Structures are given as C-alpha cells and as structure tokens.
Number of protein chains: 2
Amino acid sequence: MKSGSTFLLAARQCEIADLEELARTGELVGAIGRFVHALQNERGLSNLFLGSQGRRFAEERRRQVPESVRAEAQVRALLEGLDTDSVQARNGARLFSRVAVVLHALDGLPGLRERIADQAASAGDAMAAFSKLLAGLLAVVFEAADSASDPEVSRALVALFNFMQGKEFAGQERALGASLFASGTIDLAGQQQWRHLIDAQQGCFQVFADFSDPEVLRADQASRDPVVIAEVERLRRIGGAGRPGALDSDLSTEWHAWSSRRMDAMRGVEEVLSAHLRHLCETRIAQARTELRDQRALLEALAREAPYPGADGKAPLGPQLERSVLALVQEQSRRLQAMGDELDAVRASLTERKLVERAKGLLMAHRQMSEDEAYKALRQMAMNQNRRLVDVAEAVLSLADVLPGGSR
Amino acid sequence: MKSGSTFLLAARQCEIADLEELARTGELVGAIGRFVHALQNERGLSNLFLGSQGRRFAEERRRQVPESVRAEAQVRALLEGLDTDSVQARNGARLFSRVAVVLHALDGLPGLRERIADQAASAGDAMAAFSKLLAGLLAVVFEAADSASDPEVSRALVALFNFMQGKEFAGQERALGASLFASGTIDLAGQQQWRHLIDAQQGCFQVFADFSDPEVLRADQASRDPVVIAEVERLRRIGGAGRPGALDSDLSTEWHAWSSRRMDAMRGVEEVLSAHLRHLCETRIAQARTELRDQRALLEALAREAPYPGADGKAPLGPQLERSVLALVQEQSRRLQAMGDELDAVRASLTERKLVERAKGLLMAHRQMSEDEAYKALRQMAMNQNRRLVDVAEAVLSLADVLPGGSR
C-alpha cells in the first residue's frame, strides 16, 4: 500500500520533472532570442531596402537572410524535439497552441522574402508581416514565463521576456525612425508614435530590472556604451522631440547604424540572461536531486529503526520517529505552499500584458476589428489621453459589461 | 517535420489529458467528501463520549468507526490508483505533498481510536487530532481546485471546496455547542468562538453560492428543512447569543441531534455538487474530443485540397486554404488565452485562504508558534478587533517587512 513516504518522494520527483521541463523550455527560449534578433535585423534592412526603392541595403539584406534561416533551423530543431505525443506537458495546451501560430506564420516567410526581393511588397506590409511573426515568437516566451512552476526560474523568465519585449519595441523604434528620417519629414502623429515606443521600452526594462539578479543588471549596465546612448538620444531629439516639419533624410542611415549598435548590445545582455536561466535550472535540478536522495535515505533509516512490524505487517514507528516523518512531510508541504505563493506574486507582473490582450480581444469581438486594428485603437486612445496602455485597457474592460453581448 | 497543424492538434490533446486528470481528481475529491463526513460524525460522537466520561454515546461511537474505516478504504483505493510514477502530473508536487500529510495523519488514527475507547485521551486532544486530519483532507481538495486547468471545472471545484470548508466549520460548531451545553455554562470567550464559527460558515457558503450553478443552488435550497433550521437557530440563541452564564446541560443531546440533521442535509448537497462536477468533466471531455476530431478532419481536407506538392515536397496551401488554417490556429490560441484569463479570475477567489495560510506561517516562523497556536492567535485578533480573519491576516503580512528576519 502506498504510504505517506511514497507520496512525499513522488512530490519531490514531480518537482524535478517540472524543473527539467523548464530547462528544455529555457533552451527553446534561448534559440527564440537568437532567431528574433536575426528577424529584427532582417525587418530593419528590408524596410530600408523597400523604402529606398531597392537602391540601398540590397546586399546587406541579402546577407541577412541566411542568418535568419540558420536561426530558424535551430528553433525548428528544438521544436522537433518537443514531445508532442506526451500530452502531459505542463501548460502544454497553451504553449503548443502558441507554437502552432508561429509555425504557421513561418510557412509564409519564404514567400514574403521573394516579394521583398522583387519589391512586390510595400515597406508597410513587410514591416507588419515581420512584426506579427515576432509578436508570435514573443508570445511563446510569455507562455513559458507564465507556466513556470518554480518561482526563481519564473522570475528569470519574466525578466527575460520583458527584456525581449523591450528590445522588440526598440526594433520597432529603429524601423520607425529610419523611415521617418528617410521620408524627410515628421508630423505630430509620427512624433507621438515615436514617444510611445520609447515609453513602452522603458516600461519593459523597468520590469526587467525589478526581476533581475545583480549579476544580470551589471551586464546590462556594462553593455550600455555611452557614445551609442548619446548618439541615439541626439537623433531621437532631432527626430522625435523637435518641432514637426522637415528632417534631414541623410540621417536615416546614421540613425539605423546607431540604433542597430544599441540593439546588438541588448542581444549581448540577452545572452547573459539566457546563460543565467540555464545555470539557474541546472542548480535547482541538482539541489532537488540531492534533497530527494537525502529524504529517501532519511526515510529508509527511520524505517530500519522502527522496533517491530505491527499486526498488519507494517512497521509502526516509535513516537520519536513518527515526529521526524511528520516534521518532514509538514516542512515539504509548507515549502511548496510558500513557493506557490511566491509564484503567484511573480505571475502577477504578467497581468498588465494579459489586460491589454483581453481589451484587444474585446474590441475585436465588439467592433469587428482585426488584431492589428484593435491594438492601434488602444494605442491611439492611450496617446490621445496621455495614459498608459494598460490603464486604457482596464478602462475598455470595465465597459465590457455594458457593451451589447458583453461576456461575463 | 512538425508543422503548425501538429502542434494545433497536440494542444487539443493536452487539453483532453488535463480534463481526464481533472476527472480522476474529481473522483478522489468525491471520496474525500464521504470520508470527511464519516470523520466529522466520529469526531462529534467521540467528543460526546469522552465529555460524558464514557457514560453516553459509547454504542453510537462504536458503530461509527467501521463507517469511517470503509470510507477511508475508498479514499486509499483511489490514492493507490494515482500514478505516482508518472511524474508529469499537473501540480503533482503540491497535490502529492498534501496527500503525504494526510496519509501520515491516517497512520495515527487507529491509535487515537484505542485511546478514545480506553478514555485515555481528553476530549480536547481527540477534537484537535480529528480536526487536524480533516484540515489535511480539505487541503487536498483545495489543491485540486487551485490546480484545475479548465475554468468551468475550476469553478465547480471552488464551489465544492468552499461548501466542504463551510460544512467543516458547521461540524466544529456542532462539537463546540455540544461541549458548551454539556458543561452547563458559557462565558464571553465561548460565545465569541461560537459566533466566529457561524461567521466563517457564512463566508464559505457565500463563495459557494457565487460559484455554483442554478441547479446546485436549487438542491441547496431544497435541502434546508425549515424545522431543522429553526431548531438550530433557537438553540444557537439560547447558547451563543444569550447572557453568559448557566446553560441547561440537557440541551446538549438536542443540539447535537439537530445540528447533525443539518450536516446530513449538507452531505446531500455535497453529493449533488460531486455529481455535477463529474458530469461537467465528462461533458467537457466529450466536447474536446469532438472538436479534436473535427479539427483533424478539417486539416486533412485542407491538405487534400492543396493543389500540388512544392519543391520541398510539402504541399503548399493556396491563399484561401492558408487563411482557413490561420483562422483555426488563431481562434484556438485566443480561446485558450480567454480560458486562462477566466481561470486566473476563479483562482483569485482562493486568495483569501492563501493569505490566512501565509500569515499563519509568518507567526510560526517569528513567534515560534505551532500551526494551531498561530491559527488561534489570528482568530483571537479577529474576534478582539471585530474584523474578518482575512483582514487580520493581511495586516499581519503587511508587518512582515518590519519583523526581524522578515522574508521578502
């Protein structure tokens, strides 16, 4: 018959299995980071190439494509290794469904590249297609952070997700700035959009800082080359913060070069974050394995010391030993509960994004908007009212009950 | 190579596996409900037997024991069937660790019964031992509710958990009232404690009502025999709400009989709740299976309609078909996200209990209190300040940062 000790050890083994699954997910997230960086570069170069009617950046774009393809192959290889037949994966349903969206979008990538090479796609359409794919990849990272069962690992994943999301806003800023400079003019709406992207980055990097280890924060500090920062800020001031009107279109290349250097530096920080995550998983797994071994040894020792088998064939423990086992099961139960509480607290930081997603869904359902239109509508409201995106999302959701057909 | 469709179907299969695991957990929760009821009766009868120095309820208690043993065997049989080797169970670590605590406590039950039969245990000690075991069993139900991956099933489990917890407070009220009547006197502290147990029941039954289906609520209404309610209220008024002082000790048996009838009626509602939960799991599993079949058929039809295999051997889909698959993966992703949001909202209702548990843990760590003492201290603060238990718990937790060695 299964005893309390059986379940005590089984609980510990579940913890180890969860951590091992997290380590695999962490590896996937690392590969996604590399792929995202390559795609961000390809998006930026495609944008410049199409914006210049194919006169510039043709060679750079052509050279970037195989890099993206290589990074994609690495992500696909890890996805291939995911056990889609074992249907017991923690949060498998949501993670797999995010992966399905990404794989579907990837099927369209070769066609998109052909249209870009033939200049048969507009810069705007190409931007939108790349950005959608990138959003899908980030959603996979988000699911991973939201489903982690270990608070420490979850903190590291939340930090990584927010860093990646902040970097993606930086990538969008790079593309926006490049096309605005290239167009030779900027209006109030363009400036608003630029400011929005800067604020969005700051929001993400703040969460990243809140959830990061000192070691990671030091790497982040070290990555910030003051010359790069100063140049980016100078060009931001010229483009985004000046009076609306004419811009020196020659600055487009300069802006692209400096903001690319900034993004490459961010990619370096991402590597440190990924390595930290990997190390954390390994440490936690080793620790849990040691604890399992110790616990098993202790339980066996206690069973040996039990004075005699009872009438039912079981070896009853003396009161002293019974208290030792009791302390063990209670301690483990309390520890797991404390971990669960901490996990809830970490996951709460992901609420903002969920609110925005929910508000988007509401607009899509009630106003027959596409996902893109819904996001733009929210962002426009935020800019017009000078409020944060999440506050606007909350306001929209609070109207849900009075909208016709509003779901509970 | 695994395609988006592979992951789309794998996500659906994960959902089905999660639901099947939930159905098994639901079965365990049902058996726990029956065992809890038997133990509550045994606790009440043991209390009366010991309180009367063995003069009364000896036969009733003796007859109750085999009923408890039978119900325990059913719970153990289901635990035996739990796959402790498959370490991939969702939330396995916490559920298994709660089960370990229960099984350990059950090992002490035969000894406790012997001491009660020999009148070698005090009524207070016996009460405490039974109540601890019951708290452990309810903690298993709580974990099940907290780990459910389907919002509808989670709602049903939250309703069931709160009903069971409310019924347990009613069981404690039955025991408290019986011993106060039997003692022939009541003081202010006894009255306070009585009121606290009534308030705690109301809190639980309110959450139960908030999360229950109309069908379950009708069963609950129908179970309330007006005569029983009136008698319980009359005796509550005499005992708990009157002026402190002498009580008619003959009322002890009467109180026990009426509050037992009330608890038996609650047990009936619990059965309806359990049946509802079982039905819900079956419906959701059948529904998910149908959807999986439809989805698979649709994807196969789309693949057949694809005009010709491309250069890479893959059958590229026409733009029309591609949009159909895209709609499918996006719809599934959105649906799972909406389910996740709803799940978060349901789980939020479990926060109160977690706050109380955390405050208890804090007192245990900083004041070297036992779990029992910590709970009593919180309850005493709540009664003294006339505040809800959860508010006191929050106040205690907000002090955590200023306590020496307070954990983050």
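Residues numbered from 1 in each chain as written. Chains lettered and ligands numbered in written order. Predicted model: local features only at pLDDT ≥ 70, side-chain atom pairs only at ≥ 80, totals over all residues.

Asks: Before we move on, can you summarise the overall build of chain A with the specific residues and values?
Replies: Counting its regular elements, chain A contains 14 helices and two strands. With the C-alpha coordinates aligned to their principal axes, the bounding extent of chain A is approximately 95 × 50 × 40 Å. Burial statistics for chain A: of 408 residues in total, 43% are counted as buried. If you take every contact in chain A between residues at least 6 apart in sequence, the share linking residues at least 24 apart comes to 77%. (Helix = DSSP H or I, 4+ residues; strand = E, 2+ residues; numbered from the N terminus. Buried ≥ 20, exposed ≤ 12 C-beta atoms within 10 Å, placed from the backbone. Contact = placed C-beta atoms within 7 Å.)

Asks: I'd like a rundown of the relation of the copies chain B and chain A, residues and numbers included.
Replies: When chain B is brought onto chain A, the operation consists of a screw motion whose angular component is 180 degrees and whose axial shift is 0.0 Å, with 0.0 Å RMSD remaining. Taken together, the rotation and translation describe the operation of a two-fold axis. (Least-squares fit on C-alpha atoms with pLDDT ≥ 70 in both.)

Asks: I'd love a proper account of the interface of chain B and chain A, names of residues and values included.
Replies: Each partner contributes to the interface: chain B provides 50 residues, whereas chain A provides 50 residues. Listed by contribution, the elements that provide at least two residues to the side of chain B that touches chain A are helix H1 (4-51), helix H2 (58-81), helix H3 (92-107), helix H11 (319-348) and helix H12 (351-367) of chain B. Within the side of chain B that touches chain A, the residues separate by chemical class into 21 nonpolar, 16 polar and 13 charged. (Nonpolar A, V, L, I, M, F, W, Y, C, P; charged D, E, K, R; others polar.)

Asks: Kindly report on the environment of Arg98(B), identifying the contributing residues and their values.
Replies: Position of Arg98(B) among the secondary structure elements: in helix H3. The spatial distance from the C-alpha of Arg98(B) to the C-alpha of Val141(B) is 9.4 Å, given a sequence separation of 43 residues. Leave out the neighbours within four places in its chain, and Arg98(B) touches Ser333(A), Ala139(B), Val140(B) and Glu143(B).

Asks: Quick rundown of the domain arrangement of chain A? Include the residues and the values.
Replies: A common measure of how large an interface is: the accessible area buried when the components associate. What the domain assignment reports for chain A is domain 1 (15-283) and domain 2 (358-400). If you average the C-alpha positions of domain 1 of chain A and of domain 2 of chain A, the two centres end up 23 Å apart. (Domains from an automatic or database assignment.)

Asks: Could you give an account of the packing of helix H12 (residues 351-367) of chain A against helix H13 (residues 371-385) of chain A, naming the residues involved and the relevant values?
Replies: Residues and elements named next belong to chain A. Between H12 and H13, whose axes approach to 9 Å, the crossing angle comes to 115 degrees. By crossing handedness, the relation of H12 to H13 is classed as right-handed. Between H12 and H13, the residues in contact are Val 356, Ala 359, Lys 360, Leu 363 and Met 364 and Glu 371, Ala 374, Tyr 375, Ala 377 and Leu 378, respectively. (Axes fitted to C-alpha atoms, helices over the stretch in contact; angles between N-to-C directions. Left-handed = near helix turned anticlockwise from the far one by under 90°.)

Asks: Kindly report on the packing of helix H13 (residues 371-385) of chain B against helix H14 (residues 389-398) of chain B, identifying the contributing residues and their values.
Replies: All names here are of chain B. Orientation of H13 relative to H14, taken along the N-to-C sense of each, is 110 degrees, at an axis distance of 9 Å. Classified by the angle between their axes, H13 and H14 sit roughly perpendicular to one another. You can see that H13 and H14 cross each other, and the crossing is right-handed. Of the residues in H14, those in contact with Leu 378, Arg 379, Met 381, Ala 382 and Gln 385 of H13 are Leu 389, Val 392 and Ala 393. Classifying every residue of the contact of H13 with H14 by side-chain character gives six nonpolar, one polar and one charged. (Parallel < 35°, antiparallel > 145°, perpendicular 65-115°, else oblique.)

Asks: Talk me through unusual backbone geometry; I want residue IDs and the actual numbers.
Replies: Residues and elements named next belong to chain B. Positive phi values are uncommon outside glycine, yet Gln 53 reaches one of about 50 degrees. Within the element layout of this structure, Gln 53 appears in the loop between H1 and H2. A positive phi is found at Asn 386, a non-glycine position, where the angle reads about 55 degrees. Tracing the sequence through the fold places Asn 386 in the loop between H13 and H14.

Asks: Quick rundown of the nonpolar core? Include the residues and the values.
Replies: In terms of nonpolar packing, the biggest core is built from 94 residues, with Val141(B), Leu157(B) and Leu160(B) touching the most fellow members. The leading source of residues in this core is helix H6 (residues 151-183) of chain B, at 16 residues. Of all hydrophobic cores here, the second largest spans 93 residues; its members include Leu39(A), Ala129(A), Ala175(A) and Val207(A). (Core = buried A, V, L, I, M, F, W, Y, C linked by C-beta atoms within 7 Å.)

Asks: Account for the confidence of the model for chain A, with residues named and values stated.
Replies: Interpretation of this model should avoid reading the predicted coordinates in detail wherever pLDDT is low. Residues and elements named next belong to chain A. Across chain A, the average pLDDT comes to 87, with 91% of residues at 70 or higher. Least confident of the elements in chain A is helix H11 (residues 319-348), whose mean pLDDT is 80; most confident is helix H4 (residues 109-117), at 96. A low-confidence stretch, residues 308-315 (pLDDT under 50), is modelled with six contacts involving residues beyond four sequence positions or located in other chains. Taken over the whole predicted complex, pTM reads 0.85, whereas the ipTM for its chain interfaces reads 0.81. (pLDDT = per-residue confidence, 0-100.)

Asks: Explain helix H9 (residues 226-241) of chain B to me, and be specific about the residues and the numbers.
Replies: Side chains three or four residues apart in an α-helix point the same way, a direct result of the helix having 3.6 residues per turn. All names here are of chain B. For H9, the complete set of buried residues consists of Leu 235, Gly 239 and Gly 240. Down the axis, H9 shows its buried residues gathered within 105 degrees of arc, on one side only. Structural note: H9 exposes Pro 226, Val 227, Ala 230, Glu 233, Arg 237 and Ala 241 on the side pointing more than 90 degrees away from its buried face. (Arc of directions from axis to C-beta.)

Asks: Before we move on, can you summarise the environment of His279(A) with the specific residues and values?
Replies: Residue and element names in this part refer to chain A. Tracing the backbone shows His 279 in helix H10 (residues 251-305). By the C-beta count within 10 Å, which is 13 here, His 279 ends up partly exposed. Sequence separation of His 279 and Gly 30 is 249 residues, and the distance between their C-alpha atoms is 13 Å.

Asks: Pulling in residues and values, what's your account of the environment of Val140(A)?
Replies: Structurally, Val140(A) is set in helix H5 (residues 123-147). Note: C-alpha distance between Val140(A) and Phe163(A) (23 residues apart in sequence) is 14 Å.

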